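As a plain string of letters, each chain reads:
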Amino acid sequence: MPDSESSPGLDITWPSKTWATASTSDLYFPRAKKRPRTVSLRVFILSLTCLFIVALALGLGLGLGIPRYRYKTIYATPPLNYSARYGISEDLDFIPMEKLINKSEIELDTGFASSKGIEGKVREYVFNVSQALAAPDGFTKPMVLINGQSPGPLIEVNVGDTIRVQVNNHMANSSTSIHWHGIDQRGLTWMDGVVGISQCGIPPGKSFTYEFRIDNQRGTFWWHAHSSVQYSDGAYGAIIIHGPDEMVPKTDDEKLIFVSDIYHTYGSVILDSYLKPTSKWDPSESGVEPLADNILFNGQNTYNCSITSTTYPPSTNQPNCTGGQLYTTKVRRGHSVRLRLINASSFFSYWFSVDNHTLSIVELDGVEIEPITARGVYINLGQRVSVILTADQTPGSYYVRASIPKTCFLPYSTYTSAGLEGAEYGVKGIISYVEDEAGNTSNPYGVENNGLRGDVWEGCDDMPFDMPVPMRKRPAVNVSETNTHYIEYAFRQAQEVNRIFVNKTSYLPLPNNATLWKAVEQKFTADRDNSYDSWDFGLNQQVLLVPDADQGAQIVINSKDAMEHPWHLHGHTFQVVGWGKGPFGSDTSKTTWNLDNPMRRDTVTVPPFNHVVIRFAADNPGIWALHCHVAWHIEGGMFLSLAERPSDLVRLVDDMDPEVRRLSQSFCGAGE
C-alpha cells in the first residue's frame with residue numbers, strides 16, 4: 001500500500017514560505033572588491049570543502065538507508081492531540097491488534113468443560129474498564145476497552161453456574177456500567193447494569209461486583225456497557241451458556257462472530273453533535289443519525305486510508321492509519337461448525353452469508369428452534385443467531401459476508417458515509433478449508449436487490465415472525481387488562497432538536513438517581529397515575545405498571561416511523577404473538593396472531609409503519625427497560641421502563657444485601 005494511504009500524517013509537507021525566500025530576485029549580493037588571488041583560491045577551496053561535506057551528508061542520509069519517515073517527521077504536521085480533540089486523558093496507551101483481539105476466545109478454543117452436574121460453579125471475572133488508542137480497521141481511534149480487549153473477555157458458563165464479575169472503572173472522567181443482554185436476572189433487577197434504571201454509573205476509580213446465577217437459560221448472549229454510547233467504542237463481549245439439554249444439533253466445532261459498526265471519532269463526541277440542533281454531518285437538519293465509517297467482523301477489518309470520513313471529518317492533524325486486516329478462520333472439510341453470531345452495532349442490521357454454503361439456523365436469542373435451511377440470515381442490533389455451516393464444498397477459501405441492507409437505512413439519511421461506500425456497505429472475512437487455501441469464489445447468496453424481494457426472505461425485514469418454531473413448545477401466556485399496554489413511537493420536533501417520542505414522552509435519565517431507587521418509594525395507586533405514565537418520576541420518564549402476578553403482560557409496539565427498529569426488553573424473553581401493517585386495532589383483520597407456540601426472543605424487529613404484539617409472564621418483579629437498541633435512538637429518547645409487581649419489588653429490595661445496596665446507591669449520592 002502506498003505511504004500516502006498507510007501513513008497520511010507522515011507525508012512530506014514542504015512549507016511554501018520556505019521556498020518563497022529562495023528567489024534570487026529577493027536577495028542582495030554586494031559587489032565583492034578585488035582581492036589577491038591567494039585569498040580567492042582559499043575561498044574557492046573552502047567552498048568546495050563545504051559542498052563536499054553537504055553532499056556527503058545528503059548521500060549518507062539518502063543512500064545509506066536512514067528511514068525516509070525521519071525526514072517526513074521534520075516537515076509533517078504535529079501528531080493528533082487526542083486529549084484536546086476528544087476530551088479524554090492524555091498519553092493513552094496504544095493497543096496493538098495482537099493484544100486487542102483475543103483469537104482463542106473468538107475461536108472458542110478455550111478448553112471449557114461442559115458440565116452435566118447439578119451443582120453449579122462460581123465463575124469469577126475481573127473487568128478493568130479503560131480508555132486506550134487502537135486501530136481495529138487500521139485507523140487509530142480512542143476506544144473503551146475491557147482488559148485491553150475488544151471484543152472484551154468471553155464469559156463461558158454452564159447452566160446452574162453463578163457469574164461474578166468485578167468491574168473496575170479506570171477511566172478518568174466517565175462513569176460506566178455493564179448490562180448482561182438477554183440474561184433474565186430473576187429477583188436481581190439491581191444487577192441488570194442499566195445506568196439510570198437499575199443503578200447509577202460506576203464512578204471513575206470505583207468498583208462494583210455483579211453476581212447472578214444462570215437458571216433455565218442456554219445459548220448465545222452478550223454483555224455491553226450500558227452508559228451513554230460506550231459500547232460503540234468497543235466495550236462489549238460474549239456470554240456462552242452451555243447446557244446438557246440444549247436442543248441444538250451437535251457440531252464438530254464452534255466459533256464466535258461479532259458484527260459491529262465502527263466510528264473513527266470517539267462516541268461521546270459524535271453523541272454530543274447528534275443531540276444538538278445541527279450535527280457535524282448535517283449542518284442543516286436535526287436528528288440525523290450518524291453513519292458509521294466501517295463494519296467489523298470480530299473487531300477487525302481493512303480500511304482505505306485515503307478516504308476521509310463524511311460523518312466526522314478529522315482535523316488537519318490526521319490520525320495514523322495502516323490499513324487493517326481481515327478476520328480469518330479455518331474449517332476442516334466435512335466438518336460442521338456452529339457459528340454464534342452477535343450484532344453489536346450501534347445503528348446497522350446485516351444480512352449474513354458464507355459464499356457457496358447454505359446455513360442451518362438453529363438458535364435465536366438463546367431459544368432453540370427447529371432448523372431452518374437458508375442462504376443466509378438477517379440479524380438486527382442486539383440479536384444473536386446460531387447457524388450451522390457444513391464444510392462440504394471444494395476445498396478453498398470462501399468469503400464470509402455481512403451486508404448492510406441499504407434500502408433499510410439510506411433512503412432515510414440525508415448524507416452518504418464515504419467509508420461505507422468504500423467498503424461497499426459490508427464487511428468480509430475469510431473461511432479457509434484446512435486442506436486447501438486456493439482462491440475464493442463469488443457470492444451467489446448475498447443481498448443484491450433487497451428492496452425487490454420475491455418469495456424468499458432477504459433484505460430489510462427480519463424473518464417472518466411465524467417462520468421460526470421454538471423446540472421447547474409453550475403456548476402464549478394469558479394476559480390481564482391491568483397488565484396490557486399500548487405504545488407508539490415517532491420522531492417529533494422538540495424546540496430546536498428532533499427527538500424520539502414514545503407515546504408522549506422522550507426519555508431522559510434521572511439526574512443522580514436510578515428509577516429503581518425512586519420506584520421503591522413510590523405509591524403506584526390510581527390517583528397518582530397520569531396520561532404520561534410518569535407517576536412521580538418526572539415528565540421525562542415513562543413507567544408502565546405491570547401489577548398482576550397471576551396473569552401475563554402484553555405490550556403492543558406500534559411504529560409511526562419509516563425505519564425498522566430493534567426493540568429489546570430487559571428481564572424477560574418475550575413471545576411474539578401478533579403482528580401486522582398499520583396501527584394496531586384500526587383494522588383487526590390486519591393483525592396476524594400466533595398463540596400456539598409463538599417465537600420467543602428478547603429483541604424483535606418492528607417494521608416501519610407496522611405493529612408487533614409481545615407477551616411475557618409477569619414472574620420477575622423489577623424495573624425493566626424497554627427500548628430501541630439503536631444507540632443513538634436510546635440517547636434520543638426511545639426508551640421507557642416497566643414496573644413489574646412493585647409491591648413484590650419493595651420486598652426484594654428490602655431483602656437485598658445491605659452492602660450492595662449501600663454501594664450502588666452511593667454512586668447516585670442517594671445513600672450513605
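Our subject is the structure listed above.
## A short note on the state of the cysteines
Right, on to step 1. Throughout the structure, instances matching the rule amount to two disulfides.
Right, on to step 2. There is a disulfide in this structure between cysteine 200 and cysteine 668, and the S-S distance comes to 2.0 Å. Handedness here is read from the sign of the S-S torsion; for cysteine 200 and cysteine 668, about 110°, the answer is right-handed. Taken together, the residues cysteine 200 in the loop between strand S6 (178-181) and strand S7 (207-213) and cysteine 668 in the segment after helix H14 (658-666) connect sequence positions 468 residues apart.
Right, on to step 3. In this structure cysteine 200 comes out as buried when scored by relative accessible area, which is 6%.
Right, on to step 4. By relative accessible area, cysteine 668 is classed as buried at 7%.
Right, on to step 5. A sulfur-sulfur separation of 2.0 Å characterises the disulfide bridge that pairs cysteine 305 with cysteine 321. Linking cysteine 305 and cysteine 321, the disulfide has an S-S dihedral of approximately -75° and is accordingly described as left-handed. Residue cysteine 305 is found in the loop between strand S11 (294-297) and strand S12 (328-331), and its partner cysteine 321 is found in the loop between S11 and S12; the two are separated by 16 residues along the sequence.

## Some remarks on the environment of tyrosine 415
Right, on to step 1. In this fold, tyrosine 415 is placed in the loop between helix H9 (406-409) and helix H10 (418-422).
Right, on to step 2. In the structure, tyrosine 415 is positioned 127 residues away from valine 288 in sequence and 9.0 Å away in space, judged by C-alpha atoms.
Right, on to step 3. When neighbours within four sequence positions are excluded, tyrosine 415 is seen to be in contact with Trp281, Val288, Glu289, Pro290, Leu291, Thr310 and Thr311.
Right, on to step 4. Within the local environment of tyrosine 415, its side chain forms a polar contact with the backbone nitrogen of leucine 291, the two atoms lying 2.7 Å apart.
Right, on to step 5. Here threonine 311 takes part through its side chain, which lies 2.7 Å from a polar atom of the side chain of tyrosine 415.

## Digging into the sheet that holds strand S14 (residues 350-354)
Right, on to step 1. The strand order S12-S20-S19-S14-S17 describes an open sheet built from five strands, whose pairing is mixed. The sheet terminates laterally at S12 and strand S17 (377-379), the two strands that pair on one side only. With direction set aside, neighbouring strand axes in the sheet form an average angle of 25°.
Right, on to step 2. As judged from the four bridges shared by S12 and strand S20 (residues 426-433), these two strands associate in the parallel manner. For threonine 328, the partnering residue across the bridge sits in S20 and is isoleucine 430.

## Examining empty space enclosed by the protein
Right, on to step 1. Following the criterion strictly, the structure yields seven cavities of 30 Å³ or more and no others.
Right, on to step 2. Roughly 100 Å³ of volume is contained in the largest cavity.
Right, on to step 3. Together, 17 residues line the largest cavity, and Gly234, Tyr236, Ser260, Asp261 and Leu296 are the ones closest to its centre.
Right, on to step 4. Those elements that provide at least two residues to the lining of the largest cavity are strand S3 (141-146) and strand S10 (253-262).

## A few points about the pattern of salt bridges
Right, on to step 1. Tallying each qualifying case throughout the model produces 27 salt bridges.
Right, on to step 2. Measuring nitrogen to oxygen at the nearest pair gives 3.2 Å for the salt bridge that ties arginine 164 to glutamate 124. Placement of arginine 164 in strand S5 (residues 162-169) and of glutamate 124 in strand S2 (residues 122-134) is noted, with a sequence separation of 40 residues between them.
Right, on to step 3. What makes arginine 164 partly exposed here is its relative accessible area of 25%.

## What about unusual backbone geometry?
Right, on to step 1. Looking along the chain, the bond that leaves serine 150 and enters proline 151 is cis, with omega of 0°.
Right, on to step 2. By the secondary structure assignment, proline 151 is in the loop between S3 and strand S4 (155-158).
Right, on to step 3. Although it is not a glycine, glutamine 495 sits at a positive phi angle of roughly 60°.
Right, on to step 4. Within the secondary structure, glutamine 495 is located in the loop between strand S21 (479-494) and strand S22 (497-502).
Right, on to step 5. Residues other than glycine seldom take positive phi values, yet asparagine 503 does so here, at roughly 55°.
Right, on to step 6. Within the secondary structure, asparagine 503 sits in the loop between S22 and helix H11 (515-519).

About the criteria used
- Residues numbered from 1 in each chain as written.
- Predicted model: local features only at pLDDT ≥ 70, side-chain atom pairs only at ≥ 80, totals over all residues.
- Heavy atoms only, no water.
- Disulfide = S-S within 2.5 Å.
- Helix = DSSP H or I, 4+ residues; strand = E, 2+ residues; numbered from the N terminus.
- Buried < 20%, exposed > 50% of the residue type's maximum accessible area, 1.4 Å probe, protein only.
- Contact = heavy atoms within 4.5 Å.
- Polar contact = N/O pair within 3.5 Å; in protein donor to acceptor, adjacent residues only side chain to side chain.
- Pairing = 2+ DSSP bridges.
- Axes fitted to C-alpha atoms, helices over the stretch in contact; angles between N-to-C directions.
- 1 Å grid on protein atoms, 1.4 Å probe; cavity = no way out; pocket = protein on both sides within 12 Å on 5 of 7 lines; lining within 4 Å.
- Points joined across faces, edges and corners; volume = space filled by probe spheres on them.
- Salt bridge = Lys/Arg side-chain N within 4 Å of Asp/Glu carboxyl O.

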